[in-house]
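# Understanding the architecture of this molecule
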Amino acid sequence: IDTAYCKERGIEVINFPGFNARAVAEASFTYLLSLVRHAPQAWQNVLGGGWNTFVFQGNELSGKTIGVVGAGNVGTEVIKIAHGFGMRVLAHTKNPSAERAQSLGIDSFSDMPTLLKESDFVMLVVPANADTKDFISKKELSLMKKSAYLINVGRWQVVDTLALAEAIYERTIAGAGLDFIGPEPYNVLAADLRIQEMVNSPNVLLFPHIAFNTHEANLRLGERVIRTLKERIKSA
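Okay, so let's go over this structure. All values reported here derive from a predicted model rather than from experimental measurement. (Residues numbered from 1 in each chain as written. Predicted model: local features only at pLDDT ≥ 70, side-chain atom pairs only at ≥ 80, totals over all residues. Heavy atoms only, no water.)

Broken down by element type, the protein chain carries ten helices and six strands. A compact globule built from 236 residues should have a C-alpha radius of gyration of about 18 Å, and the protein chain, at 20 Å, falls within 12% of that. On the principal axes, the C-alpha backbone points of the protein chain span a range of 65 × 45 × 35 Å. Taking all 236 residues of the protein chain together, 42% fall into the buried category. Long-range pairs, those at least 24 residues apart, make up 72% of the contacts in the protein chain between residues at least 6 apart in sequence. (Helix = DSSP H or I, 4+ residues; strand = E, 2+ residues; numbered from the N terminus. Rg over C-alpha atoms; globule rule 2.2 N^0.38 Å. Buried < 20%, exposed > 50% of the residue type's maximum accessible area, 1.4 Å probe, protein only. Contact = heavy atoms within 4.5 Å.)

Under the definition given, this model contains three aromatic pairs. A centroid spacing of 5.5 Å and a plane angle of 20° characterise the contact between Phe29 and Phe85, whose relative ring orientation is stacked. Residue Phe29 is found in helix H2 (residues 21-36), and its partner Phe85 is found in the loop between helix H4 (73-84) and strand S2 (88-92); the two are separated by 56 residues along the sequence. The exposure class assigned to Phe29 is buried, which follows from its relative accessible area of 4%. Since its relative accessible area comes to 33%, Phe85 is described here as partly exposed. Arranged with centres 6.0 Å apart and planes meeting at 20°, the rings of Phe121 and Tyr149 form a pair that is stacked. Here the residue Phe121 occupies a position in strand S3 (residues 121-124), and Tyr149 occupies one in strand S4 (residues 149-152), the gap between them amounting to 28 residues. (Phe/Tyr/Trp six-rings, centres within 6.5 Å; stacked < 30°, edge-to-face > 60°.)

Core analysis: the largest hydrophobic core is formed by 34 residues, its most contacted members being Phe29, Leu32, Ile66, Val78, Phe121 and Met123. Residue assignment for this core shows that the elements contributing at least two residues are H2, strand S1 (65-69), H4, S2, S3 and S4. Tallying contributions element by element places H2 first for this core, with nine residues. Apart from residues lying up to four places away in sequence, Ile66 is in contact with Phe29, Val78, Ala82, Met87, Arg88, Val89, Leu90, Ser119, Phe121 and Met123. Leu141, Ile168, Ala176 and Ile181 belong to the second largest nonpolar core, which has 29 residues in total. (Core = buried A, V, L, I, M, F, W, Y, C linked by side-chain atoms within 4.5 Å.)

Sheet architecture is open: six strands sit in the order S2-S1-S3-S4-S5-S6, paired in parallel fashion. Either end of the sheet is taken by a strand with one partner, and the two such strands are S2 and strand S6 (204-206). When the angles between neighbouring strand axes are averaged without regard to direction, this sheet yields 15°. Alignment of S4 against strand S5 (residues 175-178), held across four bridges, turns out to be parallel. Across the sheet, residue Tyr149 finds its bridge partner in S5, namely Gly175. Lying over the sheet, H2 contacts S1, S3, S4, S5 and S6, oriented at roughly 150° with respect to S4. Relative to the sheet, helix H8 (residues 161-169) contacts S4, S5 and S6, its axis offset from that of S5 by approximately 145°. (Pairing = 2+ DSSP bridges. Axes fitted to C-alpha atoms, helices over the stretch in contact; angles between N-to-C directions.)

Further remarks concern the environment of Ala23. By the secondary structure assignment, Ala23 is in helix H2. Exposure remark for Ala23: the relative accessible area of 8% places this residue in the buried category. Residues within four places of Ala23 in sequence aside, it is in contact with Ala211, Phe212, Thr214 and Ala217.

Written out as structure tokens, the structure is:
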């Protein structure tokens, strides 16, 4: 939206932050759990006539460390869910404060190197801007545990996709769950061969930007839009 043009013309631009925060947070754990419990592979095994119960041994989330990068609307919901799983929570935010940390149920905010080194799961829930462009690149990926997973439900610009593909290929990290990896609509078949190889890896899940898309989230958005329009019309 050309907000400068709208301002010149007296057109009000309204944002509705947080309407899909819970949807995105729940999706992030859908991706995470699907990876650590090998859900897609187990399902394909059954479809192929198999029933290999003991092949698909997974991992529990309880007791594991999750590093949440971003403590806004989505990050807050992610941390709530993580506490419910009995996870240790590390969090990083641009503007940390003791009061904010306390409200999230954590001792304090972490610096990025500490978060990356100690987390079993790194969850990205930050917006795309000049400060977060390629926020996770080769250097950051090299700090993560080889057994760690990267989950990105923030924006695709936050991750250097080729660096991630290299990390997956070299097994620098265990895997990734991604709600997107490039400009939309994204055609994987036309992508760089390194990215195609990453997407075809059994320890990588890629989705077509669906984390936000729930019936409840869209209903909340519609209700807020209608309520706001009624208020504007009433005050006109």
